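Listed here are the chains, written in short residue letters.
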Amino acid sequence: MKSDSGAVTGADLRHIAIIMDGNGRWARKRGLARIKGHSAAEKSIHDAVEVCGELGVSYLTLYAFSTENWSRPKAEVNFIMKLLSRFISRNIDDLDRKNVKLRTTGRLTDIPDGPRRDLELAMERTSGNTGLNLILALSYGGRAELRDAFVEIAGSIASGDIVLSDVTEELISAHLYNSDVPDPDVIIRTSGEQRLSNFLLWQSAYSELVFTPILWPDFHAEQLRNALEEYRTRKRRFGGLE
Ligand code: FPP
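All figures in this text were calculated on a predicted structure; none of them were measured in a lab. (Residues numbered from 1 in each chain as written. Predicted model: local features only at pLDDT ≥ 70, side-chain atom pairs only at ≥ 80, totals over all residues. Heavy atoms only, no water.)

S.K.: An account of the site of the ligand is needed here, citing residue identities and associated values.
M.R.: Near the ligand lie 16 residues; those nearest to it are Asp-21, Gly-24, Arg-25, Arg-34 and Arg-72. Gly-22 is positioned such that a nitrogen or oxygen atom in its backbone is 3.4 Å from an oxygen atom of the ligand. A distance of 3.0 Å is found between an oxygen atom of the ligand and a backbone nitrogen or oxygen belonging to Gly-24. Burial of the ligand by the protein amounts to 91% of the accessible area it has alone, namely 620 Å². Breaking the shell around the ligand down by element, the ones donating at least two residues are α1 (23-29), α2 (34-55) and α3 (74-97). Broken down by element, the shell around the ligand gets its largest block of residues, four residues, from α2. Considered class by class, the residues forming the shell around the ligand number seven nonpolar, five polar and four charged. (Near = heavy atom within 4 Å. Polar contact = N/O pair within 3.5 Å; in protein donor to acceptor, adjacent residues only side chain to side chain. Areas by Shrake-Rupley, 256 points an atom, 1.4 Å probe, with all protein chains shown as cover. Helix = DSSP H or I, 4+ residues; strand = E, 2+ residues; numbered from the N terminus. Nonpolar A, V, L, I, M, F, W, Y, C, P; charged D, E, K, R; others polar.)

S.K.: Any details on the nonpolar core? Residues and values, ideally.
M.R.: Within the largest apolar cluster, 44 residues are counted, with the highest numbers of intra-cluster contacts made by Ile-16, Ile-18, Leu-60, Leu-134 and Ile-188. Considering every element that reaches this core, the biggest residue donor is α3, with eight residues. If sequence neighbours within four positions are ignored, Ile-188 has contacts with Ile-16, Ala-17, Ile-18, Ile-19, Val-210, Thr-212, Phe-219, Leu-224, Ala-227 and Leu-228. Listed in part, the eight residues of the second largest apolar core include Ala-17, Ile-187, Phe-199 and Leu-200. (Core = buried A, V, L, I, M, F, W, Y, C linked by side-chain atoms within 4.5 Å. Buried < 20%, exposed > 50% of the residue type's maximum accessible area, 1.4 Å probe, protein only. Contact = heavy atoms within 4.5 Å.)

S.K.: Any chance you could break down the packing of aromatic side chains for me, citing the residues and the numbers?
M.R.: What the rule picks out here adds up to seven aromatic pairs. Both rings, one in Tyr-63 and one in Phe-199, keep their centres 4.3 Å apart while their planes meet at 15°; by these two values the pair is stacked. Taken together, the residues Tyr-63 in strand β2 (residues 59-66) and Phe-199 in the loop between β5 (186-189) and β6 (208-211) connect sequence positions 136 residues apart. Here Tyr-63 matches Phe-199 in class, with each residue buried. With 6.2 Å between their ring centres and 90° between their planes, Tyr-140 and Phe-199 make a pair best called edge-to-face. Within this pair, whereas Tyr-140 is found in strand β4 (residues 133-140), its partner Phe-199 is found in the loop between β5 and β6, the two being separated by 59 residues in sequence. As far as burial versus exposure is concerned, Tyr-140 and Phe-199 are alike and both buried. (Phe/Tyr/Trp six-rings, centres within 6.5 Å; stacked < 30°, edge-to-face > 60°.)

S.K.: Can you explain the pattern of salt bridges? Please cite residues and give values.
M.R.: Taken as a whole, this structure holds 24 salt bridges when the rule is applied. Note that Glu-76 is salt-bridged to Arg-72, the shortest N-O span being 2.8 Å. Salt-bridge contacts for Arg-116 lead to Glu-120; the nearest nitrogen and oxygen are separated by 3.7 Å. On the criterion of helical spacing, the pair formed by Arg-116 and Glu-120 is a turn pair, its members being four residues apart in helix α4 (residues 113-125). Given the relative accessible area of 37%, Glu-120 is considered partly exposed. One continuous salt-bridge network, built from bridges that share partners, spans Asp-21, Arg-25, Arg-189, Glu-193 and Arg-195. (Salt bridge = Lys/Arg side-chain N within 4 Å of Asp/Glu carboxyl O.)

S.K.: Requested: an account of a nonpolar patch on the surface, with residues and values cited.
M.R.: Taken together, the side chains of Ile-157, Leu-164 and Val-167 make up a nonpolar region of the molecular surface, amounting to roughly 250 Å² of accessible area. Along the chain, Val-167 turns up in the loop between α5 (142-158) and α6 (169-174). On the accessibility criterion, Val-167 (31% relative accessible area) is partly exposed. (Patch = residues over 30% accessible without salt bridge, like charges linked within 9 Å, V, L, I, M, F, W, Y side chains within 5 Å.)

Listed below in structure tokens is the structure:
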């Protein structure tokens, strides 16, 4: 369904997922240190939350830190972790006021104590909110998520709680990190790269993919609306016929 104006609304778009790429290149183009690009990312995150709120989208997942990102220089990793705490302290009041529920996906236990506690407090504070679910993917990897699900399922088989024939696609989905979250309708990747980089591998089976050359710190409300317009032109058939 489309709104009268033909624009995408939350009715046909429940879950937007974004691979926020290009922070480093954005900074380098300006002769700045890479970390300045990560700092500049905050405004784009703010705009994405704003647009999702306007459209009535229920879930926004942002790929903030992958399981592979731990291999970056220690100083950059430390900076991103500090940025997480800063993002929370600067935005939590506004997010709460907007009825946003902050959540995470990934191996949160990998996150250093300070930012992890900040995140946990922010999640607790917004847990009763009923608007947009803002899901930060942190120390997230699609393969790690599937591995964790398979280990849990194997444990249930070993203990006799289930048998092999109980292992359906639905059961696997139910063992993912956030089993209540619907699969993303659209995955947007900024910066011109055209790959998923271990993001939501199971959940992306029928997601529309939108790639844009715009670097994440330049990806503001207008650019997100344009990407969603591209999504609107796609015909989703989920393997069937129209
Ligand atoms: C991709 O750009 C960005 C990352 C791997 C880190 C993303 C981090 C943030 C957006 C900030 C922290 C998050 C929150 C929620 C405060 P890149 O560094 O790979 O850029 P490049 O490809 O141009 O080098």
